[in-house]
Structures are given as structure tokens and as C-alpha cells.
Amino acid sequence: MKTGTHIAVVSIIAFVLHIVWENAQAPLFLGYVSFIQHFPMCVWGTLGDVALTLIVYILVALLKNDVAWIARLNTKDIIALAVIGFVVAVGIEQRALLFGRWTYADVMPVIPYIRVGLTPILQMTFLLPLSAYLTKRFLRHA
């Protein structure tokens, strides 16, 4: 299967996973009023999540010298993607909070010491490797 297919599939899967997550966690951010009001904002966040997923895909492809690496995803790759997702999410959250891009509502669980919201960190930690895993499964059956 062509590399373009891998990129398209991982993009679609990542989009679906992240749009659901973004909308589910939206009430944990200050200023949330309703699903309808925040949906456009969640779409923009999701597009950023998909872009991040594609950047990681390309970087891993360069490191492995294999553009189709996702079709041969293994346990080490999944763990590495989870670690990358965690580190990137912490960086994004700390920067966003520092520059006032968003603020957590009182109901957001915050991770002690690093002082970032739990759900955005879990989002990238779990959905980045899950997107890769589901892509591999889809490609196997396509």
C-alpha cells in the first residue's frame, strides 16, 4: 500500500479520536458554555492534534528510514509513541497556560508538580499510539 494511503488513514483515524476527546473534555476548560458554541474551537484543536500526529509519523519514518513503518508497528513503537505523546502534551500545555491560550476550570484534574491538566496529557499519551495501532489494523484488513 502506498505511503499516501498510510498518511490518509492515520489522519482520518486521529481526527475521529481527537474530535471526540476534544469535545468530551471541553467542559473542563474555563469559559465552556455548550457543545454548539465550542465545537468550532474543538475542530481547530483537533486539526492541531492531527498535524502533531503527522509530524510524529514523519519523524519516526525518518528515524526508521521506513515511510511505511506504521504497517509494522510493534510494542516498542507503541510505548515510544506514548512517551512522545506525553512529553509533547506536557510541553504544549505548559506553553499554552504560560501564554494564556486557555485556562482550566476548577473541575479539571491537574497533575501535581508539572501543574497541567490530566485529560489533555492523557489525550496525546493514549491517542497518538492508538491512532497508529488502529491504522495498522485498518491497513492489514484493507
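The rules behind these values
Residues numbered from 1 in each chain as written. Predicted model: local features only at pLDDT ≥ 70, side-chain atom pairs only at ≥ 80, totals over all residues. Heavy atoms only, no water. Helix = DSSP H or I, 4+ residues; strand = E, 2+ residues; numbered from the N terminus. Rg over C-alpha atoms; globule rule 2.2 N^0.38 Å. Buried < 20%, exposed > 50% of the residue type's maximum accessible area, 1.4 Å probe, protein only. Contact = heavy atoms within 4.5 Å. Areas by Shrake-Rupley, 256 points an atom, 1.4 Å probe, with all protein chains shown as cover. Lys, Arg positive; Asp, Glu negative; His and termini not counted. Charge placed at Lys NZ, Arg CZ, Asp CG, Glu CD. Phe/Tyr/Trp six-rings, centres within 6.5 Å; stacked < 30°, edge-to-face > 60°. Expected span 1.5 Å × (residues − 1). Polar contact = N/O pair within 3.5 Å; in protein donor to acceptor, adjacent residues only side chain to side chain. Bend = angle between axes of the 7 residues up to and from the residue. Salt bridge = Lys/Arg side-chain N within 4 Å of Asp/Glu carboxyl O.

Draft legend 1. Local environment of the overall build of the chain. For the chain, the helix and strand inventory stands at four helices and two strands. Order of helices (α) and strands (β) in the chain, N terminus to C terminus: α-α-α-β-β-α. The C-alpha radius of gyration computed for the chain amounts to 16 Å, which stays within 12% of the reference 14 Å derived for 142 residues, consistent with globular compactness. Sorting the 142 residues of the chain into buried and exposed places 40% on the buried side. In the chain, the proportion of contacts linking residues at least 24 apart, taken out of those at least 6 apart, comes to 69%. On the chain, roughly 8,400 Å² of surface is accessible, and the fraction owed to carbon and sulfur atoms is 71%. Here the chain contributes 10 positive and 6 negative side-chain charges, whose respective centroids are spaced 11 Å apart.

Draft legend 2. View of the packing of aromatic side chains. Within the structure shown, the criterion is met by four aromatic pairs. Here the aromatic rings of F29 and W102 are separated by 6.3 Å at their centres, their planes lie at 90°, and the arrangement is edge-to-face. Of the two residues, F29 is situated in the loop between α1 (3-25) and α2 (35-64) and W102 in the loop between α3 (75-98) and β1 (110-111); the sequence distance between them amounts to 73 residues. Overall, W102 belongs to the partly exposed group, its relative accessible area being 27%. Seen from their ring centres, Y57 and W69 are 5.5 Å apart, and the 35° between their planes marks the pair as tilted.

Draft legend 3. Structural view of α3. Along its 24 residues, α3 runs 35 Å from first to last C-alpha, staying within 8% of the 34 Å computed at 1.5 Å per residue. Those residues of α3 not exposed but buried are D77, L81, G85, A89, V90, E93 and A96. In the core, the buried residues of α3 are packed alongside α2, β2 (116-117) and α4 (118-141). Where α3 begins, the capping side chain belongs to N74, and its oxygen is found 3.0 Å from the backbone nitrogen of K76. Two residues or fewer after α3 comes G100, characterised by a positive phi angle close to 70°.

Draft legend 4. Focus on α2. Helix length check: α2, at 30 residues, gives a terminal C-alpha distance of 41 Å against a target of 44 Å (1.5 Å per residue), a fit within 8%. Roughly 30° is the biggest bend found in α2, and it falls at M41. Listed as buried for α2 are H38, C42, T46, D49, V50, L52, T53, V56, Y57, V60 and A61. Count one or two residues on from α2 and you reach N65, which has phi positive near 55°.

Draft legend 5. Structural view of the pattern of salt bridges. Inspection of every chain in the model, using the stated rule, returns two salt bridges. For D77, the salt bridge goes to K64, with nearest N and O atoms at 3.0 Å. Highlighted residues: D77 in helix α3 and K64 in helix α2, separated in sequence by 13 residues. The partly exposed category is assigned to K64, whose relative accessible area is 37%. The salt bridge involving R72 is made with D66; its shortest N-O contact spans 2.7 Å.

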